[in-house]
Structure formats: structure tokens, C-alpha cells
Amino acid sequence: MVLSEAVLRRTIPDHQAMAGQLRHLLDMTALPNLSLRVLPFTAGPPLASETGTFVLLDFPQAFGRASTEPTTVYLENITGALYLDKPAEVAAYDRVWADLETLAADEAASEKVIRAIIEERA
């Protein structure tokens, strides 16, 4: 997962709750199936600024005669959700994800950013 630094720094009135949410994010990074990286302000606008939030869904190889589900892009908005699975659509979002991976801080640096934000709010 890549989170914008702006999302992490947006304050809410309850500073204790905000610090708790940030600590929860740090706790979740201990899970083996989760990688959390921060997109710093200094990275400039990523391609994702044009797409908004999305999830790339990859499915396991099917067994026997069943066909494997194609990689799918999941988009959610205020009135519903959209699933894109055409190769050109998936390729476009793959490019956006690759851009995010290039621009985002690594996991250790991301953890430092989150801890610094917690300290700033204390």
C-alpha cells in the first residue's frame, strides 16, 4: 500500500485518536503480507493523482479445468464500484502503480515519517 504524506498529515480534532490511527498503521506493517510506503511531498505529483484510489487484484492459478480470473482493477466511488479487466485497462493501472513504487519512500523511511508525524502531534 502506498499512502500520500498528505493523508497522514491531515489532522483531525482528536489528536489522541489520530496518533492511535498512525500507531495502528505501524502495527500493521509487522504483518508479513502488508507493505506500507509513504509517498512524500517532495516526490511531486504522481500519475495516481489522475486516477485516485485503486486496487490491483491478482488471482491464484486455477486448478483443473477452471479458468484463472484475469487481473482486475477495482475502483470505488461515492455511488458504486467498477471492475476493469481488459488488458489495456490493467496495463494503464500497472503503469500508475509502477510510478508509485518508484516515487514512494522505502518501508524503513516510511516508518520514520509516520513516527515523526506521531511525535509532532504529541
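Note that this is a predicted model, so its numbers are computed, not measured.

Enquirer: Can you walk me through helix α4 (residues 87-103) in this structure?
Expert: Owing to its 3.6 residues per turn, the α-helix aligns residues three or four sequence positions apart on the same side. Taking 1.5 Å per residue as the helical rise, α4 with its 17 residues ought to reach 24 Å, and the 24 Å between its terminal C-alpha atoms agrees with that figure. For α4, the set of buried residues is V90, Y93, V96 and L100. Projected onto a plane normal to the axis of α4, the buried residues spread over an arc of 120° and lie on a single side. Projecting away from the buried face of α4 at angles above 90 degrees are the exposed residues P87, A88, R95 and T102.

Enquirer: Could you clarify how one ought to interpret helix α2 (residues 15-28) in this entry?
Expert: Counted at 1.5 Å a residue, the expected span for α2 with its 14 residues is 20 Å, and the 20 Å between its end C-alpha atoms agrees. At its buried positions, α2 is contacted by β1 (2-4), α1 (5-9) and α5 (107-121). Capping of α2 at its N-terminal end is provided by D14; its side-chain oxygen lies 3.2 Å from the backbone amide nitrogen of Q16.

Conventions we followed
Residues numbered from 1 in each chain as written. Predicted model: local features only at pLDDT ≥ 70, side-chain atom pairs only at ≥ 80, totals over all residues. Heavy atoms only, no water. Helix = DSSP H or I, 4+ residues; strand = E, 2+ residues; numbered from the N terminus. Expected span 1.5 Å × (residues − 1). Buried < 20%, exposed > 50% of the residue type's maximum accessible area, 1.4 Å probe, protein only. Arc of directions from axis to C-beta. Contact = heavy atoms within 4.5 Å. Polar contact = N/O pair within 3.5 Å; in protein donor to acceptor, adjacent residues only side chain to side chain.

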